[in-house]
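Listed below are the residues making up each chain.
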Amino acid sequence: MLVFLGYFSASSQMVTVSDGIGIRSDDHFRIIGNVNQTTALLTIKNQQLELHAFDRNLRLKSSVEVDIIRRNSRIIASTQGENSFFLFSQKRDGQDIDIYYWEFDENLKLIDSSSIVSASHLMGYSVFYATISDDFSKILFFRSDNNTNLQVVCYDIQEKEVIWTQNLQLEGNLRQDFRQMLVSNMGEMVLVLKQKERGFRRGGILYEFIHLHPDGKLNNQSIEMETRLPGSERFVIDHKNRKISGGGVYYERNAGRAEGQFTLFLKMDNSLSYTFNYHPFSVDILAAFSERNINRAAVIELQVQDIMLRQDGGVIIFSEINKTFERRPTYSQRGLSRTMGRSIWTDHHLEDVLISSFDGIGELDWFEVLYKKQISHDDGALFSSYFIVESPNFLRLIYNDEISGNSTVSEFLLAANGFSERKNVMNTEHQNVKLRFRNAYQISTNEIIIPSESSSRLRLLRIKY
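It should be emphasised that the depicted structure is a prediction, and the values quoted were computed from it without experimental measurement. (Residues numbered from 1 in each chain as written. Predicted model: local features only at pLDDT ≥ 70, side-chain atom pairs only at ≥ 80, totals over all residues. Heavy atoms only, no water.)

Here we look at the overall build of the protein
The following threshold applies: A run of DSSP states H or I qualifies as a helix once it reaches four residues; a run of E qualifies as a strand once it reaches two. Both are numbered from the N-terminal end. Each residue is placed in one exposure class: buried if its accessible area under a 1.4 Å probe, protein chains only, is under 20% of its type's maximum, exposed if it is over 50%, and partly exposed if it falls in between. The contact criterion used is simple: two residues touch if any of their non-hydrogen atoms lie within 4.5 Å. Note on areas: Shrake-Rupley with a 1.4 Å probe; residue coverage comes only from the protein chains shown. When charges are counted, neither His nor the chain ends are considered; positive counts come from Lys and Arg and negative counts from Asp and Glu. By convention, charge coordinates are those of NZ in Lys, CZ in Arg, CG in Asp, or CD in Glu.
Looking only at helices and strands, the protein has 2 helices and 37 strands in total. For the protein, the spread of C-alpha atoms along the three principal axes comes to 65 × 60 × 55 Å. The buried share among the 465 residues of the protein stands at 52%. In the protein, the proportion of contacts linking residues at least 24 apart, taken out of those at least 6 apart, comes to 47%. Carbon and sulfur atoms make up 45% of the accessible area of the protein, which amounts to about 21900 Å² in all. Here the protein carries 52 positive and 58 negative side-chain charges, and the mean point of each set is 5 Å from the other.

Dropping the structure here:
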């Protein structure tokens, strides 16, 4: 059954909601992707993996149980291919750990399955993790001993072959220093480490970038921040300009009070030469925030959330106010100590978003602040924040105005020159949907799929502009 929440004016959008799938609070799900106008959804319920296929109108085409998760087995990753969907899993068999791929067509029929690589089971090593290239053609599997040793496997999804494997020994401590693992469309590895100064000196943060080419060439570059310390950061691969681009927020005295931003551009060649810039918050930027989020010329609890590439080689950095408050119930519990056995309640406040656009040499081009105030309790902020919808002419930041079952969904339209406009998208009153925008998936320039989790039912909602 299709539920049309409403038709809007020609300049607006059409919204469609799928039937619900039963789900519990401890179940897991994710949208795998969209192939041939079919959207695939993965759910894990009671250690049972299920795949669900929806057509372009969100009618459920098929659901299948997949016998992948067994004892000593786990799912590593999932992605869409050119004309099929892929799952990747690992399984321990005696002293070996095998990584498998599972390929399904648009009707969720299993097309192919095979072992990718086999590795020895080593005490102290983590499970395998994965990262996927922007064009969905390469996947990087990696695990470590949480100290200095790292094992990496690069796999070509389209050709179904291992491109390269490497065992690396690094300086520092991977458990503490690891920040990001990236893989390029060509199968290059980029590892980002963030190392604190060892010893008693308060200052000193060192970013370490390790670039591994498919032919085995290994280059690394260290970038030190001495007195201005990074609070959070994010990096992406700029394939067009052959560089690693990113940035973050920094502080000088208090980690909860951001005093500016930094940008970093690192060439992906043998030199790994870089451009690094600090951008202290101007009076105009500070004045653009809600007054409650400013303290002594700094922004409170500002964290980098997303980063996007500009055509000229620059970046757009999205940073969001993210406050977390823990509180304990005031009642006492008989027979327990003052701390043992008490629950902790958590309040989440996700508020203003700073959008900063920097050109290819790191100069600030323009900025905008999106005002919002999302407050939720004990939900991990699953329904807060926003989703970015990309189109050739502008960006949309779409989000829940309030975290409740009866709320208004709004969007913040942002043009390439920084011009912005806020609009209402829809009202969820009486629709029994509660939208998780951070888990949304963009199908095309004018169409997105958003999961809704409400009343123990998981639904997909489509907005078509």
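A closer look at the sheet that holds strand S18 (residues 205-212)
The condition that has to hold: For two strands to be treated as a pair, DSSP must find at least two bridges joining them. Here, axes are lines fitted to C-alpha atoms. For helices the fit covers the stretch in contact, and angles between N-to-C directions go from 0 to 180 degrees.
Ordered in space as S16-S17-S18-S19, the 4 strands form an open sheet in which the pairing is antiparallel. Edge positions in the open sheet fall to strand S16 (178-183) and strand S19 (218-225), since each of these has one partner strand only. The average undirected angle you get between the axes of adjacent strands in this sheet is 15 degrees. Here strand S17 (residues 189-196) pairs with S18 via 8 bridges, running antiparallel. Across the sheet, residue Val 192 finds its bridge partner in S18, namely Phe 209.

Quick look at the environment of Glu 390
Inspection of the secondary structure puts Glu 390 in strand S31 (residues 387-390). By relative accessible area, which is 44% here, Glu 390 ends up partly exposed. When the C-alpha positions of Glu 390 and Ser 444 are compared, they lie 8.6 Å apart, and in sequence the two are 54 residues distant.

As for the packing of aromatic side chains
The line we're drawing: Each pair of aromatic rings taken from Phe, Tyr and Trp, with Trp reduced to its six-membered ring, is defined by centres within 6.5 Å and is described as stacked if the planes are under 30 degrees apart, edge-to-face if over 60, and tilted in the remaining cases. Note on criteria: charge over ring means Lys NZ or Arg CZ within 6 Å of the ring centre, with the direction from the centre no more than 35 degrees off the ring normal.
Inspection of every chain in the model, using the stated rule, returns 15 aromatic pairs. Ring plane angle 45 degrees and centroid distance 6.4 Å describe the contact between Tyr 100 and Trp 102, whose orientation is recorded as tilted. For Tyr 100, a relative accessible area of 23% corresponds to the partly exposed category. Look at Tyr 250 and Tyr 278: their rings are 5.3 Å apart centre to centre, the planes differ by 75 degrees, and that puts the pair in the edge-to-face class. Remark: Tyr 278 occurs in strand S24 (residues 274-280) and Tyr 250 occurs in strand S21 (residues 243-251); sequence separation between them is 28 residues. Here a set of aromatic residues connected by ring pairs shows up, and it is made of Tyr 207, Phe 209, Phe 235, Tyr 250, Phe 262, Phe 276 and Tyr 278. One residue, Arg 74, lies across the ring of Tyr 129, its end atom 6.0 Å from the ring centre. Between Arg 396 and the ring centre of Tyr 465, over which it is positioned, the NZ or CZ distance is 3.6 Å.

Some remarks on the pattern of salt bridges
Put simply, the rule reads: Only one rule defines a salt bridge in this text: a Lys or Arg side-chain nitrogen within 4 Å of an Asp or Glu carboxyl oxygen.
Per the counting criterion, the structure on display carries 21 salt bridges. One salt bridge connects Arg 24 with Asp 26, and the closest N-O pair in it is separated by 3.3 Å. We classify Arg 24 as partly exposed; its relative accessible area is 42%. By relative accessible area, Asp 26 is classed as partly exposed at 47%. Arg 179 serves as the salt-bridge partner of Glu 233, at 3.8 Å between the closest nitrogen and oxygen. Of the two residues, Glu 233 is situated in strand S20 (residues 229-238) and Arg 179 in strand S16; the sequence distance between them amounts to 54 residues. Residue Arg 179 is classed as partly exposed on the basis of its relative accessible area of 33%. Connected through shared salt-bridge partners, Arg 24, Asp 26 and Asp 27 make up one network.

Topic: the sheet that holds S21
Spatially, 4 strands are ordered S20-S21-S23-S24 in an open sheet, and the strand pairing comes out antiparallel. What marks the edges here is a single partner per strand, and that holds for S20 and S24. This sheet shows a mean twist of 15 degrees between the axes of neighbouring strands, independent of strand direction. Direction of pairing for S21 relative to strand S23 (residues 260-267): antiparallel, over a ladder of 8 bridges. Considered in S23, the bridge of Ile 244 is made with Leu 266.

Let's talk about the nonpolar core
Selection rule: Take the buried Ala, Val, Leu, Ile, Met, Phe, Trp, Tyr and Cys residues and link them wherever side-chain atoms come within 4.5 Å; each set so joined is a nonpolar core.
Core analysis: the largest hydrophobic core is formed by 19 residues, its most contacted members being Phe 281, Phe 289, Val 299, Leu 302, Val 315, Ile 317 and Leu 354. For this core, the secondary-structure elements that each account for two or more residues are helix H2 (283-288), strand S26 (302-309), strand S27 (315-327) and strand S28 (345-358). For Ile 317, the residues in contact, after removing those within four places along its chain, are Gly 247, Gly 248, Gln 261, Phe 262, Thr 263, Val 304, Asp 306, Ile 307, Leu 354, Ile 355, Ser 356 and Phe 358.

What about the pairing of strand S12 (residues 129-132)?
Pairing between S12 and strand S13 (residues 138-144): 4 bridges, direction antiparallel. Residue pairing in the sheet places Tyr 129 in a bridge with Phe 142 of S13. From the end of S12 to the start of S13, which pair antiparallel, there are 5 residues, and Phe 136 there has a positive phi angle of about 65 degrees.

Quick look at the side chain of Asp 352
Within the secondary structure layout, Asp 352 lies in strand S28. The side chain of Asp 352 is buried and forms no salt bridge, while Arg 292, the nearest opposite charge, is found at 4.4 Å.

A few points about unusual backbone geometry
Unusually for a residue other than glycine, Asn 146 sits at a positive phi of about 60 degrees. For Asn 146, a relative accessible area of 25% gives the class partly exposed.

Some details on the pairing of strand S5 (residues 38-45)
With 8 of 8 residues buried, S5 is to be regarded as a mostly interior element. Sheet topology note: the strand S4 (residues 28-35)/S5 ladder contains 7 bridges and is antiparallel. If you follow Asn 34 over to S5, its bridge partner there is Thr 39. Connecting the antiparallel pair S4 and S5 is a turn made up of 2 residues, with Asn 36 showing a positive phi of about 50 degrees. The pairing of S5 with strand S6 (residues 48-54) spans 7 bridges and is classified as antiparallel. Note that in S6 the partner of Ile 44 across the bridge is Leu 49. What sits between the antiparallel neighbours S5 and S6 is a turn of 2 residues, in which Asn 46 has the positive phi angle 55 degrees.

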